[in-house]
Amino acid sequence: MSGGDGERGGPTFASTLKFPGGPAGGGIAAGGASASSRSRRGRRRRRRACARTGAGPPSCPCGSDGRFYQNHCEVYRTACLQKRRVHVVHGKDCFFKGDACTMADYNKLKSTLLDLQPRNRSSSPGQTQEKRMDQKRAVVDSMFKYLDVNGDGRLESPELAQISTKDHLEDSVLECSMQDLIRYDDYNSDGHLSLQEFYTAFQVIQLSLPEEKRVSVSTVTVGLSTVLSCGIQGTLRPPIIWRRSGIVLNFLDLEDINDFGDDGSLYITKVTTIHMGNYSCHAYGYEELQQTHVLQVNVPPVILVYPETQAQEPGVAASLHCYADGIPSPRILWLKNGMDLQPRGSKQLSLRANGSELHIGSVRYEDTGAYTCIAKNQVGVDEDISSLFVEDSAKKTLANILWREEGLSVGNLFYVFSDEGITILQPSECEIRRRIKRTERILASYEEMCPKADGDAPHRCSWASAVSVRDRYVYAAQPLQNRLLIIDTQAQRVAQVVQTDPVPVKLHYDKSHDQIWVLSWGDLRKSHPSLQVVSQASVGEEHHVIRTQFRRVDDFFIPPTNLVITHVRFGFIFLRSEPAVHKIDLETFHRVKTISLKNYSCVPAGMAYTHLGGFYFVQCRAANRTSAEPQLLIDGVTDSVVGRNGDVAGRPHVSSDGRYVVTADPGRRRVRVQAVSLQGALQAGRDLETAMRVSDLAFHPSFTESNQYTVVASSETHGELLFADLSTGRSQVLENLKDPVPSRSWPWSGTNRVVVSSGLFGQYLVTPAARSLFVLDGKQSGPHCEVSDIERGNTVVWVGEV
């Protein structure tokens, strides 16, 4: 055998296949073997003796019953005794008759063949599954090349018999022969083994992924289901493993990813924007060969127009606004009374901010009409109407009355809570519409709005937080009075008092469930914190708080809604000094799961969220005020920690459409801006250098581009304000806006100088100084006016029509 093998370059089986019981082995002692073993050995000896005669009739004939006989007479004698036809079988077919080779024996044969190969013994335990399989494939390739005597790329019975005879491969205690390879693994029953069948016989895994399929892009419309099929193919392919953001999905009990299919496909039911992003698949144990699926989620346009109705006198300017959100970004068109509007070349009409604003320079009577905003993208269309009435104010039409008297008096106002009480401010004219003094009586109880508390000298109001509820009510927390005040925005009066646990300091309005969430400290040392809820917050009835089961609550976070995301199911709470966030059901108030942050030694201090890709940004509590811990990222699909958000540290803020994440890093005195693509990819971002420690920041819509923002950030210690255009990166600092309320005089939060925007279509922002209030013009990126005699007005709410 060795001479022929040397010419072909394959392994020398004679030197490697040393079976026990053969010429080089000691065999099994006859006295120690059973009768069946002795019988099988005898049958093998007779079969080997018959096979060794070579061509022509064997000296020990093989009967068609699979038995070997000493001579031909024994064959005919057996046929007479058993009264059945038994004839002599010529050729090597006798090797397949009456064999005692079971599947277990056959597997043992193949395992022995592999174990006896020199290269197989050189594998190290530290090798990957893929490397071990490459080595095994090389061994099997060499085996196939040697057994393929005629080199035609297939193994046939005569070839296997010839090798068995030549190299004495039958000299073993194994019950199986080489010819059993055809018996068990000739899957197409064509009488021979191909290389692929030989691979299958020896469990050689062959995986492939065409280069053009290494990255697959799938697009699905929100609300539909989708299937991601893994393109990795091959013989004996192991189970497919799916990952998202490095997290294995197969073993998670996910509500919306719950079936991987027999073919290894990934099923996502009711796709939302949190599902967008990259998914990868690979065969178990073969991580180096993987396919990336980029899931893009399209969202039909959703629009909002402002104002719905307006009345103007001839000769003044008027603007109609249309905000459109969707993926891909919608294109905006305008109609007037159902007819196409063509502002191009017109001195009267102009489109601004990519068509989101229709500006009329000097209105005339003929401009009266219904202006329809239409937003279109690849998956849908949406439209709404903004009506304009042009008429003499002396006529006092119904439209004029509604717009002037109701629109301006109820909506589009700032409610400022200060030491003196509540100031209701109309920003465009810097007009104080009403002052609710601290001594004003509450109608229902006839007590003062701000009764003097024990140790409170001088007598002043104390406010910690306030929220607007569907522009019908404003809820304001009075921490030293252990209560909430509900202000009716129509009557501009305090309508009700709601008692809470001691020292309520933080309010949040959950629009999805019409609930106010209240965090109370228990006392000024924060020793007994608790969470309470006011249900049906927008309903005009007697309200009360509902106690939740959560204690030791340090803070909580509820993701905001927007035009695309109109419902939020879950929120998060942080327990004191605990490296974890607890996911809670906002409807049942029950804990859903705990997400540990222990591996990162992160005690959460705040969160933010973008629905594009479903990322949560976790601010980790800093050990001191001169440094900040890096943020963590949590994947909203798997509720798993993805890792750190690079070197970004500080408190995160996310724009209302989820497309920008802005973080103020107090340690490095910088503001980091990160964009989130419409494919859910978080970009590295850029820094806005600033010398100030940021107290608060707000997003204000751009007046030159749709879906863009200006960030306005306030200083914690000085009268400075940063304006930064996120689309261009241009920034400027306003100075001399007077110093804010000192941090030591504002114990309710770390934000001692708030910045509050006037909504999606508003032009103005406000920020308080220690003893006054500044109104800022967002369009001009500068101060608009200062309102004096407002002390510690650091609790501000915008009540707008949108």
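- An unreviewed UniProt entry lists the protein under the name Follistatin-related protein 4, with Anguilla anguilla as the source organism.

## Some remarks on the overall build of the protein
Here comes step 1: Along the protein, the regular secondary structure elements total 11 helices and 53 strands.
Here comes step 2: Across the 802 residues that make up the protein, the buried fraction comes to 52%.

## As for the sheet that holds strand E17 (residues 339–340)
Here comes step 1: With mixed pairing, the five strands of this open sheet are ordered in space as E14-E21-E20-E16-E17. The open sheet terminates on both sides in strands that have one partner only, identified here as strand E14 (309–312) and E17.

## A short note on helix H8 (residues 157–166)
Here comes step 1: Along H8, the residues that are buried comprise Ser157, Glu159, Leu160, Ala161, Ile163 and Ser164.
Here comes step 2: Of the surrounding elements, those touching the buried residues of H8 are helix H7 (129–147), strand E3 (154–156) and helix H9 (180–185).

## Some thoughts on the nonpolar core
Here comes step 1: With 76 residues, the main nonpolar core has Phe198, Phe202, Trp242 and Leu266 as its most contacted residues.
Here comes step 2: A total of seven residues in this core trace back to one element, the largest contributor, which is H7.
Here comes step 3: Excluding anything up to four places from it in sequence, Leu266 contacts Thr226, Val227, Leu228, Trp242, Leu249, Ile257, Asp259, Phe260 and Tyr279.
Here comes step 4: If you look at the next biggest cluster of nonpolar residues, it comprises 21 residues, including Trp521, Val553, Leu586 and Trp746.

## Things to note about the state of the cysteines
Here comes step 1: Under the counting rule described, the total for this entry stands at six disulfides.
Here comes step 2: The residue that forms a disulfide with Cys101 is Cys176, at a sulfur-sulfur distance of 1.8 Å. As the torsion about the S-S bond is roughly 90 degrees, the Cys101-Cys176 disulfide counts as right-handed. In this pair, Cys101 is assigned in the loop between strand E2 (88–89) and helix H5 (103–115) and Cys176 in the loop between H8 and H9, connecting sequence segments 75 residues apart.

## What to know about the pairing of strand E51 (residues 772–777)
Successive side chains on a regular strand alternate, one facing one side of the sheet and the next facing the other.
Here comes step 1: With six of six residues buried, E51 is to be regarded as a mostly interior element.
Here comes step 2: Alternating positions in E51 separate into two faces, Ser772, Phe774 and Leu776 on one and Leu773, Val775 and Asp777 on the other, with burial throughout.
Here comes step 3: Pairing analysis gives five bridges linking strand E50 (residues 764–768) to E51, with the strands arranged antiparallel. Paired with Pro768 across the strands is Leu773, a residue of E51.

## A word on the packing of aromatic side chains
Here comes step 1: Across all of its chains, the model carries 12 aromatic pairs by this definition.
Here comes step 2: Consider the rings of Tyr106 and Tyr184, whose centres lie 4.4 Å apart with planes at 20 degrees: the pair is stacked. Here the residue Tyr106 occupies a position in helix H5, and Tyr184 occupies one in helix H9, the gap between them amounting to 78 residues.
Here comes step 3: Here the aromatic residues Phe144, Phe198 and Phe202 are joined through ring pairs into a cluster of three or more.
Here comes step 4: Residue placement shows Lys506 over the ring face of Phe556; its charged tip is 4.5 Å from the ring centre.
Here comes step 5: Above the plane of the ring of Trp521 lies Lys526, whose end atom (NZ or CZ) is 4.5 Å from the centre.

## A few points about the environment of Ser387
Here comes step 1: Among the secondary structure elements, Ser387 is positioned in strand E21 (residues 380–390).
Here comes step 2: Residues Ser387 and Val305, spaced 82 residues apart in sequence, show a C-alpha to C-alpha distance of 9.9 Å.
Here comes step 3: Setting aside chain neighbours within four positions, we find Ser387 in contact with Pro307, Glu308, Thr309, Gln310, Gly369 and Ala370.

## Focus: the side chain of Asp325
Here comes step 1: With respect to the element layout, Asp325 can be found in strand E15 (residues 318–327).
Here comes step 2: For Asp325, the side chain forms a polar contact with the side chain of Arg659, separated by 3.1 Å.
Here comes step 3: Apart from residues lying up to four places away in sequence, Asp325 is in contact with Pro300, Pro301, Val302, Pro330, Val564, Asp657, Arg659 and Asn707.

## Concerning empty space enclosed by the protein
Here comes step 1: Taken as a whole and judged by the stated rule, the model has seven cavities of 30 Å³ or more.
Here comes step 2: If you add up the space inside the largest cavity, you get close to 260 Å³.
Here comes step 3: As for the largest cavity, its lining consists of 18 residues, of which Ser356, Pro701, Ser702, Leu760 and Phe761 are closest to the centre.
Here comes step 4: In terms of residue count, E15 provides more of the lining of the largest cavity than any other element does, four residues in total.
Here comes step 5: Split by residue class, the lining of the largest cavity holds nine nonpolar, seven polar and two charged.

## Digging into the side chain of Thr200
Here comes step 1: With respect to the helices and strands, the residue Thr200 is situated in helix H10 (residues 195–201).
Here comes step 2: Given the relative accessible area of 15%, Thr200 is considered buried.
Here comes step 3: In this view, Thr200 contacts Tyr187, Thr235 and Leu236; residues no more than four positions away in its chain are not counted.

## Considering the pattern of salt bridges
Here comes step 1: As enumerated under the stated definition, the model contains 30 salt bridges in all.
Here comes step 2: Between Lys738 and Glu786 there is a salt bridge whose closest N-O contact spans 2.7 Å. Remark: Glu786 occurs in strand E52 (residues 782–788) and Lys738 occurs in the loop between strand E48 (731–734) and strand E49 (756–757); sequence separation between them is 48 residues.
Here comes step 3: Judged by its relative accessible area of 35%, Glu786 falls in the partly exposed class.

## Notes on the sheet that holds strand E34 (residues 570–575)
Here comes step 1: Strand order in the open sheet formed by four strands is E33-E34-E35-E36, with antiparallel pairing between adjacent strands. The open sheet has two edge strands, strand E33 (553–557) and strand E36 (591–596), and neither has a second partner. With direction set aside, neighbouring strand axes in the sheet form an average angle of 25 degrees.
Here comes step 2: The pairing of E33 with E34 spans four bridges and is antiparallel. In the sheet register, Phe557 faces E34, and the bridge partner there is Phe572.

## Some remarks on helix H4 (residues 72–82)
Here comes step 1: For H4, the full list of buried residues reads Val75, Thr78 and Ala79. Each buried residue of H4 sits inside an arc of 100 degrees when the element is viewed along its axis, so together they form one side. For H4, the exposed residues lying more than 90 degrees away from the buried face are Cys73, Cys80 and Leu81.

## Section: unusual backbone geometry
Here comes step 1: Residue Pro307 follows Tyr306 across a cis peptide bond; omega there is -10 degrees.
Here comes step 2: Among the secondary structure elements, Pro307 is positioned in the loop between strand E13 (286–306) and E14.
Here comes step 3: In this chain, Ile327 is followed by Pro328 through a cis amide linkage whose omega measures -5 degrees.
Here comes step 4: Within the secondary structure, Pro328 is located in the loop between E15 and strand E16 (331–336).
Here comes step 5: One non-glycine residue, Arg470, adopts positive backbone phi at about 50 degrees.
Here comes step 6: Of note, Arg470 is situated in the loop between strand E25 (465–469) and strand E26 (473–478).
Here comes step 7: Unlike most non-glycine residues, Asp639 shows phi in positive territory, near 55 degrees.
Here comes step 8: Within the secondary structure layout, Asp639 lies in the loop between strand E39 (630–635) and strand E40 (640–649).

About the cut-offs
Residues numbered from 1 in each chain as written. Predicted model: local features only at pLDDT ≥ 70, side-chain atom pairs only at ≥ 80, totals over all residues. Heavy atoms only, no water. Helix = DSSP H or I, 4+ residues; strand = E, 2+ residues; numbered from the N terminus. Buried < 20%, exposed > 50% of the residue type's maximum accessible area, 1.4 Å probe, protein only. Pairing = 2+ DSSP bridges. Contact = heavy atoms within 4.5 Å. Core = buried A, V, L, I, M, F, W, Y, C linked by side-chain atoms within 4.5 Å. Disulfide = S-S within 2.5 Å. Phe/Tyr/Trp six-rings, centres within 6.5 Å; stacked < 30°, edge-to-face > 60°. Lys NZ or Arg CZ within 6 Å of the ring centre and 35° of its normal. Polar contact = N/O pair within 3.5 Å; in protein donor to acceptor, adjacent residues only side chain to side chain. 1 Å grid on protein atoms, 1.4 Å probe; cavity = no way out; pocket = protein on both sides within 12 Å on 5 of 7 lines; lining within 4 Å. Points joined across faces, edges and corners; volume = space filled by probe spheres on them. Nonpolar A, V, L, I, M, F, W, Y, C, P; charged D, E, K, R; others polar. Salt bridge = Lys/Arg side-chain N within 4 Å of Asp/Glu carboxyl O. Axes fitted to C-alpha atoms, helices over the stretch in contact; angles between N-to-C directions. Arc of directions from axis to C-beta.

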